[in-house]
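Each chain, letter by letter, is given below.
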Amino acid sequence: MAQLLEVRNLCVEFPSRRGTLRALNDVSFSISAGEVLGVVGESGAGKSLTGASIIGLLEPPGRIASGEILLEGRRIDNLPDEAMRRIRGREIGAVFQDPLTSLNPLYTVGRQLAETIVTHLPMTWTQARQRAIDLLASTGIPAARERIDHYPHQFSGGMRQRVVIALALAAEPKLVVADEPTTALDVSIQAQIIELLKKLCREHGAAVMLITHDMGVIAETADRVAVMYAGRVVEVGPVSEVIHQPSHPYTAGLMGSIPTLDGHVDRLVQIDGSMPRLTAIPPGCAFNPRCVHRMPRCTQARPELMPAGATRAACWLHDKAEAA
């Protein structure tokens, strides 16, 4: 299957008075058309920063120091701002965690949708307004024709998130970057938004990069999952394999910390310590201070992604040369 998005050896840095801090270090993954890739990890792992880099919305002084981002084989990370603005919205849509920060409170949702459509598609304002109504209806907003002239504050949190999803899909993008789209919602609304994302992916053939810290959302939505830690991808593979047979100790710790309904355990797994600050990332494997399988080699050399059963994991436990 052809790759819609390819991220190759992406490094993002932030210059500071204490030196240059590397927030993303050699991040690589790909997403195929019609596929949902889940990106998970603790806060500070680099998930949202990866999404912002792809969309072209890195906050200064952050910069892409090296690596490439390719959309349908065309490099986009080095494009001028105006060229990237045309791609953003038309070819790449974005759904952010807090819909209130994505919507202008001074304009009706219909105006915001229609302006996006007219900007990116060859439509008149009347045609754009009708498409906006259709989009709101397709995302599950009742009485879309009446509600299109309402302001963001007149919608509930779940409905605002639906409006943001409609906004992200307004110009029929090939890729949607969804950054924690269900975090601020209650469980029942979360399930509706998850089903909506899956439906839109099937019907429009769009690829989705789903950024979240909720493994339950990943299990319900994603086809593949990439686990991030301290600015690197430490495991990537089919979602069923990563969830049921994790190959990296960090992934195993994440899965072990989730309670289950079909079994009884006296104590859930706890990963000791916390995510290291950018100024204190240890040498070798960044996870080694918290890892129960730590070996001398883990503190000396950084492992790259290597075959680990049905997945690929950045862990020396899977080094065939070491095992031999």
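So, how was this worked out
Residues numbered from 1 in each chain as written. Predicted model: local features only at pLDDT ≥ 70, side-chain atom pairs only at ≥ 80, totals over all residues. Heavy atoms only, no water. Helix = DSSP H or I, 4+ residues; strand = E, 2+ residues; numbered from the N terminus. Rg over C-alpha atoms; globule rule 2.2 N^0.38 Å. Buried < 20%, exposed > 50% of the residue type's maximum accessible area, 1.4 Å probe, protein only. Contact = heavy atoms within 4.5 Å. Areas by Shrake-Rupley, 256 points an atom, 1.4 Å probe, with all protein chains shown as cover. Lys, Arg positive; Asp, Glu negative; His and termini not counted. Charge placed at Lys NZ, Arg CZ, Asp CG, Glu CD. Pairing = 2+ DSSP bridges.

**Student:** Mind showing me how you'd approach the overall build of the chain here?
**Tutor:** The secondary structure content of the chain amounts to twelve helices and twelve strands. Against the globule reference of 20 Å for 324 residues, the chain gives a C-alpha radius of gyration of 21 Å, in line with a compact fold. Looking at the chain as a whole, 49% of its 324 residues are labelled buried. Sequence separation of at least 24 residues holds for 63% of the intrachain contacts in the chain that already meet a minimum separation of 6. For the chain, the exposed area adds up to about 15,700 Å²; of that, 52% sits on carbon and sulfur atoms. On the chain, the mean spot of the 33 positive side-chain charges and the mean spot of the 34 negative ones are 5 Å from each other.

**Student:** How should the sheet that holds strand 1 (residues 3-16) be read in this particular structure?
**Tutor:** In a beta sheet, neighbouring strands pair by backbone hydrogen bonds and run either parallel or antiparallel. Taken in spatial order, the four strands make up an open sheet running 2-1-4-5, and their pairing is antiparallel. Every interior strand has two partners, whereas the edge strands, strand 2 (19-32) and strand 5 (74-75), have only one. Across two bridges, the pairing between strand 4 (residues 63-71) and strand 5 is antiparallel. Of the residues in strand 5, the one forming a bridge with Leu70 is Arg75.

**Student:** Help me understand unusual backbone geometry in this model?
**Tutor:** Only a minority of non-glycine residues have a phi that is not negative, and only a minority of peptide bonds are not trans. Cis geometry marks the peptide bond from Pro60 to Pro61; its omega dihedral reads 5°. Structurally, the position occupied by Pro61 is in the loop between helix 1 (47-55) and strand 4. With phi around 55°, Glu172 is a residue other than glycine that occupies positive phi space. Here Glu172 is to be found in the loop between helix 7 (157-168) and strand 7 (175-179). Residue Glu172 is classed as partly exposed on the basis of its relative accessible area, which comes to 46%. One non-glycine residue, Ala230, adopts positive backbone phi at about 50°. Its place among the elements puts Ala230 in the loop between strand 9 (224-229) and strand 10 (232-238).

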